[in-house]
Amino acid sequence: MQGIVIANVSNSYEVKVEDKIYICSARGKFKLEKISPVVGDKVEIEVLEESKKEGVILSILPRTTYIKRPKVSNITQIVFVLSLESPKPDLLLLDKQLAFAELNGIQSIICINKVDLKKKKNEDLLQEIEKDYTNIGYPVILTKAKEKEGIDLLKEKLQGKITAFSGNSGVGKSTLINSIFQKEITLEGIVSKKNQKGKNTTTAIRLYEIEPQSYIVDTPGFSTFDLSEIESRDLEQYFIEFIEPRKDCEFIGCSHIKEQNCGVKKALEQGKISRGRYERYCKIYEELKEKEAHKW
Ligand SMILES: Nc1nc2c(ncn2[C@@H]2O[C@H](COP(=O)(O)OP(=O)(O)OP(=O)(O)O)[C@@H](O)[C@H]2O)c(=O)[nH]1
Ligand SMILES: [Mg+2]
Ligand SMILES: [Zn+2]
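**Q** Explain the overall build of the protein to me, please; I cannot follow it from the model alone.
**A** Within the protein one finds eight helices and 13 strands. For the protein, buried positions account for 47% of its 296 residues. When contacts within the protein are restricted to residue pairs at least 6 apart in sequence, long-range pairs at least 24 apart make up 64% of them. As displayed, the protein offers around 16,100 Å² of accessible surface, 49% of which is attributable to carbon and sulfur atoms.

**Q** For this particular structure, what's the right way to read the coordination of the zinc ion (ligand 3)?
**A** Angles at a metal have ideal values that depend on geometry: 109.5 degrees with four tetrahedral donors, 90 or 180 degrees with six octahedral donors. Coordination of the zinc ion (ligand 3) by the protein is provided by Cys-249 (SG), Cys-254 (SG), His-256 (ND1) and Cys-262 (SG), with metal-donor distances spanning 2.1 to 2.4 Å. Around the zinc ion (ligand 3) sit four donor atoms; with metal-centred angles ranging over 100 to 116 degrees, the donor geometry is tetrahedral. Positions of the donor residues of the zinc ion (ligand 3) along the chain correspond to the pattern C-x4-C-x1-H-x5-C. When its relative accessible area of 4% is taken as the criterion, Cys-262 is described as buried.

**Q** How do you make sense of the nonpolar core when you look at a structure like this?
**A** Looking at soluble globular proteins, one finds that nonpolar side chains tend to be buried together. In this structure, Val-15, Ile-57, Ile-75, Ile-110, Ile-112 and Tyr-133 are the most contacted members of the largest nonpolar core, which totals 43 residues. For this core, the element with the most residues is helix H2 (residues 91-103), which contributes five residues. Two domains each donate at least three residues to this core, and these are domain 1 (2-61) and domain 2 (72-218). Phe-239, Val-264, Ala-267 and Cys-282 belong to the second largest nonpolar core, which has 20 residues in total.

**Q** I tried to follow helix H5 (residues 173-181) on my own but got confused; where do I start?
**A** Three or four residues apart is the spacing at which side chains of an α-helix point the same way, because the helix has 3.6 residues per turn. Among the nine residues in H5, seven count as buried, and that is most of the element. Within H5, burial applies to Lys-173, Leu-176, Ile-177, Asn-178, Ser-179, Ile-180 and Phe-181. Just past H5, the residue Gln-182 takes up positive phi, approximately 55 degrees.

**Q** Just checking my understanding: could you explain the confidence of the model for the protein for this structure?
**A** When pLDDT drops low, the exact placement of atoms in the prediction is not to be read closely. On average, residues of the protein carry a pLDDT of 90, and 89% of them reach 70 or more. Below a pLDDT of 50 lies the segment residues 186-202, which in the model reaches 20 contacts outside its immediate sequence neighbourhood of four places, other chains included.

**Q** Looking at this structure, I do not really get the pairing of strand E8 (residues 77-83). What am I missing?
**A** For a regular strand, the rule is simple: side chains alternate between the two faces of the sheet. Counting buried positions over the seven residues of E8 gives seven, a clear majority of the element. With burial as the criterion, each face of E8 is covered, one bearing Gln-77, Val-79, Val-81 and Ser-83 and the other bearing Ile-78, Phe-80 and Leu-82. Summarising the sheet, E8 and strand E9 (residues 107-113) pair through seven bridges and their orientation is parallel. Paired with Ser-83 across the strands is Asn-113, a residue of E9. With respect to chirality, the unit in which E8 leads through H2 into the neighbouring parallel E9 is right-handed. Alignment of E8 against strand E11 (residues 162-166), held across four bridges, turns out to be parallel. Of the residues in E11, the one forming a bridge with Val-79 is Phe-165.

**Q** Sorry if this is basic, but what is going on with the environment of Arg-27 here?
**A** Inspection of the secondary structure assignment puts Arg-27 in the loop between strand E3 (20-26) and helix H1 (29-32). Taking relative accessible area as the criterion, Arg-27 reaches 37% and is therefore assigned partly exposed. Separated by 31 residues in sequence, Arg-27 and Leu-58 place their C-alpha atoms 6.1 Å apart. Dropping the residues within four chain positions of it, Arg-27 is found in contact with Val-56, Ile-57 and Leu-58.

**Q** Hey, could you run me through the state of the cysteines in this one?
**A** As used in these notes, a disulfide is a covalent bond between sulfur atoms, one from each of two cysteines. Tallied over the full model, the rule gives zero disulfides. Between Cys-282, a free cysteine, and Cys-262, which holds the nearest cysteine sulfur, the sulfur-to-sulfur gap is 9.4 Å. Judged by relative accessible area, Cys-282 falls into the buried class, the value being 16%.

**Q** What exactly am I supposed to notice about the pattern of salt bridges here?
**A** Pairs may arise between side chains of opposite charge once their charged atoms sit close together. Inspection of every chain in the model, using the stated rule, returns 17 salt bridges. A salt bridge links Glu-241 to Arg-277; its shortest N-O distance comes to 2.8 Å. Of this pair, Glu-241 sits in the loop between strand E13 (214-218) and helix H7 (263-269) while Arg-277 sits in helix H8 (residues 275-295); the two residues are 36 residues apart in sequence, bridging distant segments of the chain. For Arg-277, a relative accessible area of 1% gives the class buried. Between Glu-244 and Lys-247 there is a salt bridge; the shortest N-O distance is 2.6 Å. Of the two residues, Glu-244 and Lys-247, both sit in the exposed class. The structure contains a network of salt bridges with shared partners spanning Asp-95, Glu-241, Arg-277 and Arg-280.

Parameters at a glance
Residues numbered from 1 in each chain as written. Chains lettered and ligands numbered in written order. Predicted model: local features only at pLDDT ≥ 70, side-chain atom pairs only at ≥ 80, totals over all residues. Heavy atoms only, no water. Helix = DSSP H or I, 4+ residues; strand = E, 2+ residues; numbered from the N terminus. Buried < 20%, exposed > 50% of the residue type's maximum accessible area, 1.4 Å probe, protein only. Contact = heavy atoms within 4.5 Å. Areas by Shrake-Rupley, 256 points an atom, 1.4 Å probe, with all protein chains shown as cover. Donors = N, O, S within 2.8 Å, 3.2 Å for Na, K, Ca; no water. Tetrahedral: all angles 85-135°; square planar, octahedral: opposite > 155°, others 65-115°. Core = buried A, V, L, I, M, F, W, Y, C linked by side-chain atoms within 4.5 Å. Domains from an automatic or database assignment. pLDDT = per-residue confidence, 0-100. Pairing = 2+ DSSP bridges. Right-handed = clockwise from strand over helix to strand, strands pointing away. Disulfide = S-S within 2.5 Å. Salt bridge = Lys/Arg side-chain N within 4 Å of Asp/Glu carboxyl O.

In C-alpha cells form, the structure reads like this:
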C-alpha cells in the first residue's frame, strides 16, 4: 500500500493511506542505507495489524524536493506571506526566500495580506510589489485574511499540491490557514503544545489535508532558515530575471556589481530589472560574501 508521511516523532510515523492513518515504524534497512523517511515522503507500507492501524514503512518513493531544515520532502510550493502594515513588508527576507525556493526547485506564491490597512502612504508600495513580482513571473495574491477576502483564490492555488507557508511573525499566516480550513486549527497550538511540565515540546512538522491530495505544511522555523547553502557566485541563478540579461555580461563570473559591460546592469538601466530587486541582490550577495570570508 502507498501512503504519505504526515507526521513523525522519533521512529514513529503517521502514514495516511486514503482516508486511514497508520502508525508505522521504519524498517531497519533504512539505517544501513543512511536514509530515513521524513514528513512529506510517499512511502510503501505493509500493514502489521489492521485493527490497531499498525504498519511498517518498506520503502520511500523518489522525492521531488527535499529541504534539510526543517526536514520535509515533496513540497510543491511555498506561499510567502507579507503584510502591507504591521509588520511592514520585509522585501529583503522575501527575496532571500524566493532564492531559497529557486535553489530547491520549489514554486513560489507571494501573498500580501492585510490589504485592508491600505492607506495613501502605502498604496504606491503595494502597487510596486505587485508589479515587480508579477513582471518576473511570481503570482501575487492580495488578501484580507481577517475578513476572509481573497481566500478562495489562494485556496484554488493549493489544489493537488503540498504547500508550505512562510513569513515574519504577525503577517497573518495562521489567520490565512484558518480561513482556508474554515475552522480553528491554531497550528501553533499543535506545534508548540506545552508538555506536562509546562515546557514547549520540540516543534514537530506536520501535513494537514485540506482536501484529498492537497496539503498544507505547518513549518515552524521556515521564516528563520538561512541561505548558507547558496554560494555568493551562484546567487544570480536564483534571481530569475537575471537569467536572460546576464548572457550579455562581458566577464565570466560577473557579479553584476562592479564590473563593466554587465548585461544585468544594462537591463537595470533600461528599466527591465527593478531597482529594488537589484539592490537587494547586491545586499544578499555582500552578506553571502561576508559569511564565506568568515568560513576561512
Ligand atoms: N487588519 C488585519 N489584521 C489581520 C489580517 N490577518 C491577520 N490579522 C491580524 O494580525 C495578527 C497576526 O496574525 P497571525 O495569523 O497570528 O500571524 P502569524 O503570521 O501566524 O504570526 P506568527 O504565528 O507569530 O508567525 C492577528 O492579530 C490577526 O488578527 C488582515 O487581513 N487584516
Ligand atoms: Mg502563526
Ligand atoms: Zn554582469
